[in-house]
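# Structural overview for review
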Amino acid sequence: MNLTNSARGYGWITIVMHWLVAVAVLGLFALGIWMVDLSYYSDWYHDAPFIHKSVGVLLVGLMLFRWVWTLVNPKPAPASVSSRAVAFLISAMHAVLYLLVFLLGVSGYLISTAEGHGISVFDWFTVPALIEPFEDQADLAGEIHELLAFVLIGLVVLHALAALKHHFINRDNTLKRMLKPSGK
Amino acid sequence: MKKLQQLWLAAGIMLVSSVAFASPSKYVVDTQGMHASINFKIQHLGYSWLTGRFNNFSGDFSYDPEKLANSKISVKIDTDSINTNHAERDKHLRSADFLNAKKFPEATFVSDSISGSDKAMQVKGKFTLNGVTKEIVIDAHKIGEGKDPWGGYRSGFSGTTKIKLADYGITYDLGPASTEVFLDLNIEGIKK
């Protein structure tokens, strides 16, 4: 079992977290788009936002751990990179993907806590409302939350296209090494 | 001759002052000290009442205790100040599904006529909400009036009315028990 990263490839922990986050981000996006138009008499009127918020909080927790994990693990070198500028763009892209998930977490938190009530995570625990509410908080945070979500999904599409390009055009192991650890 | 002039002058002053005395007193609604509230309630599913209020509003009125018909009132309400103590619900209420607060940041009431007595007055006027103006009647009564301990003079009223949401273009389906909103108004004015 290769749990940690090596200079040549990712370990299981990185790989599992990557795909968990991928599923969570896409799922939250779809759920978010769907739930805001539910009618009052929908079975999901209360459950959908409850799940969205609960998963969202857990995702931010996972992302924090994932970020720390990247800091304490070796970073495998990119499989094939044409120039320094491209290498910079790639790492900038990855940083922005992380940042956007955090900002989505913060803006979502600000919507729900705008009147001083905490957010229950699957009734397991409650994230308290920590900041003093500011003017127009829920509406402003809501607009930012929606905008950031679309930007993130746009970048996720680019990210996925880049992986497919590496796999089918460059024919390198960029995608494969995110599916299972490559031999040490 | 001089005496006569003085007599006329005195009579004139008396006439003017008596008219001034009879004219209604002007008041500003005490939203600074917040001795006023615009509350509402609506049925939840037909099982209970959901209550809320508008935090920000302003208004003035004139009140003539001798002749109620000379009285009038106008109130402006910031629709985005709706507060039902639940952030996500309030966000929804401000949205285009309900108050459309971005497009219509203000709801207003301007009275056309006030009739009845202090104990039971009918305040007829135009209520504008979500860009729609309708005639409504507020059933009101006076609570009291008099000097306050700080050198001012106050009078206060209470009133209720109900509106159909659909009349104001608010058609989001909250269920058959929740098509009407009851408004509960408490107004205290400080004499200008």
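Right above here is the structure, for reference.
Here goes a summary of the coordinates provided.

Cut-offs used in this document
- Residues numbered from 1 in each chain as written.
- Chains lettered and ligands numbered in written order.
- Predicted model: local features only at pLDDT ≥ 70, side-chain atom pairs only at ≥ 80, totals over all residues.
- Heavy atoms only, no water.
- Helix = DSSP H or I, 4+ residues; strand = E, 2+ residues; numbered from the N terminus.
- Areas by Shrake-Rupley, 256 points an atom, 1.4 Å probe, with all protein chains shown as cover.
- Expected span 1.5 Å × (residues − 1).
- Polar contact = N/O pair within 3.5 Å; in protein donor to acceptor, adjacent residues only side chain to side chain.
- Phe/Tyr/Trp six-rings, centres within 6.5 Å; stacked < 30°, edge-to-face > 60°.
- Buried < 20%, exposed > 50% of the residue type's maximum accessible area, 1.4 Å probe, protein only.
- Lys NZ or Arg CZ within 6 Å of the ring centre and 35° of its normal.
- Contact = heavy atoms within 4.5 Å.
- Buried area = accessible area lost by both parts, 1.4 Å probe.
- Salt bridge = Lys/Arg side-chain N within 4 Å of Asp/Glu carboxyl O.
- Nonpolar A, V, L, I, M, F, W, Y, C, P; charged D, E, K, R; others polar.
- Patch = residues over 30% accessible without salt bridge, like charges linked within 9 Å, V, L, I, M, F, W, Y side chains within 5 Å.
- Axes fitted to C-alpha atoms, helices over the stretch in contact; angles between N-to-C directions.
- Parallel < 35°, antiparallel > 145°, perpendicular 65-115°, else oblique.

All right, on to the overall build of chain B then. Regarding its fold elements, chain B presents 2 helices and 11 strands. Of the regular secondary structure in chain B, the N- to C-terminal order runs α-β-β-β-β-β-β-α-β-β-β-β-β. Roughly 11,200 Å² of accessible area belongs to chain B as shown, and the carbon and sulfur atoms make up 58% of that amount.

Here we take up helix α3 (residues 84-112) of chain A. The end-to-end C-alpha separation of α3 of chain A is 42 Å, in line with the 42 Å expected for 29 residues at 1.5 Å each. Its side-chain oxygen at 3.4 Å from the backbone nitrogen of Ala 85 of chain A, Ser 83 of chain A defines the N-terminal cap of α3 of chain A.

The geometry of an aromatic ring pair is captured by two quantities: the separation of the ring centres and the angle between the planes. Applying the stated rule across the entire model yields 14 aromatic pairs over all chains. Consider the rings of Tyr 40 of chain A and Tyr 45 of chain A, whose centres lie 4.8 Å apart with planes at 75°: the pair is edge-to-face. For Tyr 40 of chain A, a relative accessible area of 19% puts it in the buried group. Pairing Trp 49 of chain B with Phe 182 of chain B gives two aromatic rings, centres 5.5 Å apart and planes at 85°, and the pair type is edge-to-face. In this pair, Trp 49 of chain B is assigned in strand β3 (residues 48-54) and Phe 182 of chain B in strand β11 (residues 180-191), connecting sequence segments 133 residues apart. One aromatic cluster is present, built from ring pairs that chain together Tyr 27, Phe 61, Tyr 63 and Phe 157 of chain B. One Lys or Arg, Lys 41 of chain B, reaches over the ring of Trp 49 of chain B and ends 4.2 Å from the middle of that ring. Lying across the ring of Tyr 153 of chain B, Lys 191 of chain B places its NZ or CZ 4.3 Å from the centre.

All right, on to the interface of chain A and chain B then. Chain A puts 15 residues into the contact, and the matching count from chain B is 17 residues. In total, chain A and chain B occlude about 1,300 Å² of area from one another, counting both sides; carbon and sulfur atoms represent 43% of this. Taken together, the links from chain A to chain B amount to 3 salt bridges. Its salt-bridge partner being Lys 53 of chain A, residue Glu 88 of chain B comes within 3.3 Å of it at the nearest N-O pair. Where chain A meets chain B, there are 9 residue pairs in polar contact (both at pLDDT 80 or more). For the side of chain A that touches chain B, the elements supplying multiple residues, two or more each, are α3 and α4 (137-168) of chain A. With 4 residues, the top contributor of residues to the side of chain A that touches chain B is α4 of chain A. Considering only residue class, the side of chain A that touches chain B consists of 7 nonpolar, 4 polar and 4 charged.

Residues and elements named next belong to chain A. On the surface, a cluster of nonpolar side chains totalling about 610 Å² of accessible area is made up of Val 157, Leu 158, Leu 161, Leu 164, Phe 168 and Ile 169. Among the secondary structure elements, Leu 158 is positioned in helix α4. Relative accessible area serves as the criterion here: at 48%, Leu 158 is assigned to the partly exposed category.

Residue and element names in this part refer to chain A. Here Ser 107 is to be found in helix α3. On the basis of relative accessible area, Ser 107 is assigned to the buried category, the value being 5%. Here Leu 104 takes part through its backbone oxygen, which lies 3.2 Å from a polar atom of the side chain of Ser 107. If we skip the residues at most four places from it in the chain, Ser 107 touches Ala 141, Ile 144, His 145 and Leu 148.

Now for the pattern of salt bridges. All names here are of chain B. For the structure shown, the criterion picks out 12 salt bridges over all chains. Asp 118 is the salt-bridge partner of Lys 142, the closest N and O atoms lying 3.5 Å from each other. Residue Lys 142 is found in strand β9 (residues 132-147), and its partner Asp 118 is found in the loop between β7 (106-116) and β8 (121-129); the two are separated by 24 residues along the sequence. Connected through salt bridges with shared partners, the residues Asp 30, Asp 148, Arg 154 and Glu 188 form a single ionic network.

Next up on the list: unusual backbone geometry. For Arg 171 of chain A, which is not glycine, the phi torsion reads 55° and is therefore positive. Looking at the secondary structure, you find Arg 171 of chain A in the segment after α4. Backbone geometry at Leu 45 of chain B places phi at a positive 60°, although glycine is not the residue there.

For the rest of this paragraph, the subject is the packing of α4 of chain A against helix α2 (residues 87-94) of chain B. The geometry of a pair of packed helices is captured by two quantities: the angle between their axes and the separation between those axes. With their axes 9 Å apart at the nearest point, α4 of chain A and α2 of chain B run at an angle of 80° to one another. What the angle tells us is that α4 of chain A and α2 of chain B run roughly perpendicular. Contact residues: α4 of chain A offers Ala 138, Asp 139 and Gly 142 of chain A, while α2 of chain B offers Ala 87, Lys 91 and Arg 94 of chain B. A class-by-class count of the residues in the contact of α4 of chain A with α2 of chain B yields 2 nonpolar, 1 polar and 3 charged.

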